[in-house]
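Geometric and topological summary
Residue strings, one per chain:
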Amino acid sequence: MEPGPPGSSGPVEPGPCLSGQRGADHAASASLQSAAGTEPGRHSLAVAAVLPAGGCGERMGVPTPKQFCSILERPLISYTLQALERVCWIKDIVVAVTGENMEVMKSIIQKYQHKRISLVEAGVTRHRSIFSGLKALAEDQLNSKLSKPEVVIIHDAVRPFVEEDVLLKVVTAAKEHGAAGAIRPLVSTVISPSADGCLDHSLERARHRASEMPQAFLFDVIYEAYQQCTDYDLEFGTECLQLALKYCRTKAKLVEGSPDLWKVTYKRDLYAAESIIKEIISQEICVVMDSKEDNKHVGHLLEEVLKSELNHVKVTSEALCHAGRHLQQIILDQCYNFVCVNVMTSDFQETQKLLSMLEESNLSILYPVVVVSVHFLDFKLVPPSQKMENLMQIKEFSKKVKERNILLYGLLISYPQDKGFRNTLKIIK
Ligand SMILES: Nc1ccn([C@@H]2O[C@H](COP(=O)(O)OP(=O)(O)OP(=O)(O)O)[C@@H](O)[C@H]2O)c(=O)n1
Ligand SMILES: O=P(O)(O)OC[C@@H](O)[C@@H](O)[C@@H](O)CO
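Residues numbered from 1 in each chain as written. Chains lettered and ligands numbered in written order. Predicted model: local features only at pLDDT ≥ 70, side-chain atom pairs only at ≥ 80, totals over all residues. Heavy atoms only, no water.

In the annotation of an unreviewed UniProt entry, the protein is listed under the name D-ribitol-5-phosphate cytidylyltransferase and assigned to Macaca mulatta. For the protein, the Sequence similarities (unreviewed entry) comment in UniProt is given as "Belongs to the IspD/TarI cytidylyltransferase family. IspD subfamily." The UniProt entry for the protein carries this comment under Subunit (unreviewed entry): "Homodimer." (UniProt positions renumbered as here; feature names shortened; annotations may be inferred.)

1. Regarding the layout of surface pockets
Empty space within the largest pocket amounts to approximately 820 Å³. Contributing to the lining of the largest pocket are 34 residues, with Gly55, Arg59, Lys66, Arg126 and Lys263 lying nearest its centre. Counting residues per element, the ones that place at least two in the lining of the largest pocket are helix H4 (126-138), strand E10 (209-218) and helix H7 (231-236). With four residues, E10 is the largest single contributor of residues to the lining of the largest pocket. Of the residues in the lining of the largest pocket, the class split is eleven nonpolar, 13 polar and ten charged. (1 Å grid on protein atoms, 1.4 Å probe; cavity = no way out; pocket = protein on both sides within 12 Å on 5 of 7 lines; lining within 4 Å. Points joined across faces, edges and corners; volume = space filled by probe spheres on them. Helix = DSSP H or I, 4+ residues; strand = E, 2+ residues; numbered from the N terminus. Nonpolar A, V, L, I, M, F, W, Y, C, P; charged D, E, K, R; others polar.)

2. What to know about the site of ligand 1
Contacts to ligand 1 come from 19 residues, most closely from Gly54, Gly57, Lys66, Ser129 and Lys263. Cys56 is positioned with one of its backbone polar atoms (N or O) 3.2 Å from an oxygen atom of ligand 1. Between ligand 1 and Ala157, the relevant distance is 3.4 Å, taken from an oxygen atom to a main-chain nitrogen or oxygen of the residue. Burial of ligand 1 by the surrounding chains reaches 88%, relative to a free accessible area of 560 Å². Across the shell around ligand 1, the residue classes tally to six nonpolar, seven polar and six charged. (Near = heavy atom within 4 Å. Polar contact = N/O pair within 3.5 Å; in protein donor to acceptor, adjacent residues only side chain to side chain. Areas by Shrake-Rupley, 256 points an atom, 1.4 Å probe, with all protein chains shown as cover.)

3. Structural notes on the site of ligand 2
As a structural note, the neighbourhood of ligand 2 is formed by Arg59, Arg126, Asp156, Arg159, Ser211, Met213, Gln215, Thr238, Glu239 and Lys263. At 3.0 Å, a side-chain N or O of Glu239 approaches an oxygen atom of ligand 2. Lys263 places a polar side-chain atom, nitrogen or oxygen, 2.8 Å from an oxygen atom of ligand 2. Across the complex, the protein chains shield 78% of the 360 Å² of accessible surface that ligand 2 would expose by itself. Judged by its atoms lying within 2 Å of the grid points, ligand 2 is housed in the largest pocket. If one sorts the elements of the shell around ligand 2 by residue count, E10 sits on top with three residues. (Sits in = over half its atoms within 2 Å of the grid points.)

4. Remarks on the pattern of salt bridges
According to the stated counting rule, one finds 18 salt bridges in the structure shown. Across the pair Glu103 and Lys106 runs a salt bridge whose closest N-O atoms are separated by 3.4 Å. Pair noted here: Glu103 and Lys106 are both in helix H3 (residues 102-111), with a separation of three residues, about one helical turn. Look at Lys106 and you get partly exposed, because its relative accessible area is 30%. Note that Asp156 and Arg159 form a salt bridge whose closest N and O atoms lie 2.8 Å from each other. Across this residue pair, the class does not change: Asp156 and Arg159 are buried. What you see here is one network of salt bridges that share partners, running through Arg126, Asp156, Arg159 and Glu212. (Salt bridge = Lys/Arg side-chain N within 4 Å of Asp/Glu carboxyl O. Buried < 20%, exposed > 50% of the residue type's maximum accessible area, 1.4 Å probe, protein only.)

5. Details of the sheet that holds strand E16 (residues 406-414)
What the five strands build is an open sheet, ordered E13-E12-E14-E15-E16; its pairing is parallel. What marks the edges here is a single partner per strand, and that holds for strand E13 (314-319) and E16. Looking at each pair of strands side by side, their axes are set apart by 20 degrees on average, direction ignored. As paired strands, strand E15 (residues 369-377) and E16 are joined by nine bridges and run parallel to one another. For Val371, the partnering residue across the bridge sits in E16 and is Leu408. Packed onto the sheet, helix H12 (residues 349-361) meets strand E12 (284-289), strand E14 (337-342), E15 and E16 and runs at close to 150 degrees relative to E14. (Pairing = 2+ DSSP bridges. Axes fitted to C-alpha atoms, helices over the stretch in contact; angles between N-to-C directions. Contact = heavy atoms within 4.5 Å.)

6. Description of the nonpolar core
Formed by 81 residues in total, the largest nonpolar core has its most connected members in Ile90, Val95, Met105 and Phe338. Looking at this core element by element, the count peaks at seven residues for helix H5 (residues 164-177). For this core, the two domains that each supply at least three residues are domain 1 (47-186 + 207-276) and domain 2 (284-423). Contacts of Ile90, omitting those with residues within four sequence positions, involve Val47, Ala48, Ala49, Leu84, Arg116, Ile153 and Leu167. (Core = buried A, V, L, I, M, F, W, Y, C linked by side-chain atoms within 4.5 Å. Domains from an automatic or database assignment.)

Below, the structure is given as structure tokens:
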């Protein structure tokens, strides 16, 4: 078993959370944590997670195993790790990868600064990979930072949209029932074919459900089940809940999961995952204004226009001069889109200050950050050609910051002074 990278032991502050409705409601989270006995402070339940990530992704139809396929230039598995890292009460995350992908996995952990991760060798089937992860948790190996958890979550590495609330629900249910798993309504009816390839019978769709992930188990239950199960189970089984039932007579509690618990299996699922991630990170825009007091109104006007134009997007504004407090907090709260307003400055020094803050914050490690540097120009005072010349610097600068996953765009708005700025913004609308 590969120990995790330095500093990977023990729960750390929750990782970056997605803003907006996808973050678990804190009140609900607190009450669920209390029920699960995982709330901070009190003797909390020891919870670990096992992520099978040793598949080859045959149905994806590409050479790269799907868990390492990129979404917005970042491997799919990194999104799943980030989702689990956001949950501070999951003490250890054990990822099962093949030997040939061990170095790739280590580089992903390093590059995206994932914590609490330990790596184990995957098996030739998903059940064998999971078993490998459970063994790592079961044995207090000498050099291991891992200790046996009371409850273990099992979650496919290719299911990136998992939220704290469903994890809490399955852990709470597993603590009480011994096993629990997320389920979803069936999208298609399940039928049983006869030997001659014709319909034998169909299952009543309303009475059946699709078994999804995450699942959770009392560690001793699922570990015992894996130790008891046959090679046939390990080779051809697809359902951990069934192993708990068959070998430990433990009836899993079924927990209704949200629609986005689906597993990335086919190429279309990658496209769907990318559009969901883009939607998540486009939920907030921060208008960053000039430091000069008399120009702050420009930013507020722009904020008004954006609010009226973009109904479902949270628009905030902040003056760069208060950067030490408010803007840092906005960055920490995971805003990924910034409109930097430069009214009087001849170049884009305000934008440069913002870019330096963003680079220091490492915000763009996980998702691309978009910065639009907006420049207002009264074309009667300064010929647009001269302003454009200044702005061409942005092009050079944008190449540099792109290496840090920051996408910088320049926007020049030239307006006649006599018409005033408010009218110009109406024109922009
Ligand atoms: N020997 C295996 C096979 C699968 N998995 C993991 O189990 C999860 C769900 O399995 P599946 O979607 O079937 O992944 P693949 O087996 O890679 O896909 P395919 O069946 O298309 O090859 C994935 O995270 C996959 O990496 C694993 O850890 N070890
Ligand atoms: O069967 P696959 O290997 O594609 O996926 C593995 C599991 O995610 C799948 O079987 C769920 O139904 C959960 O048990």
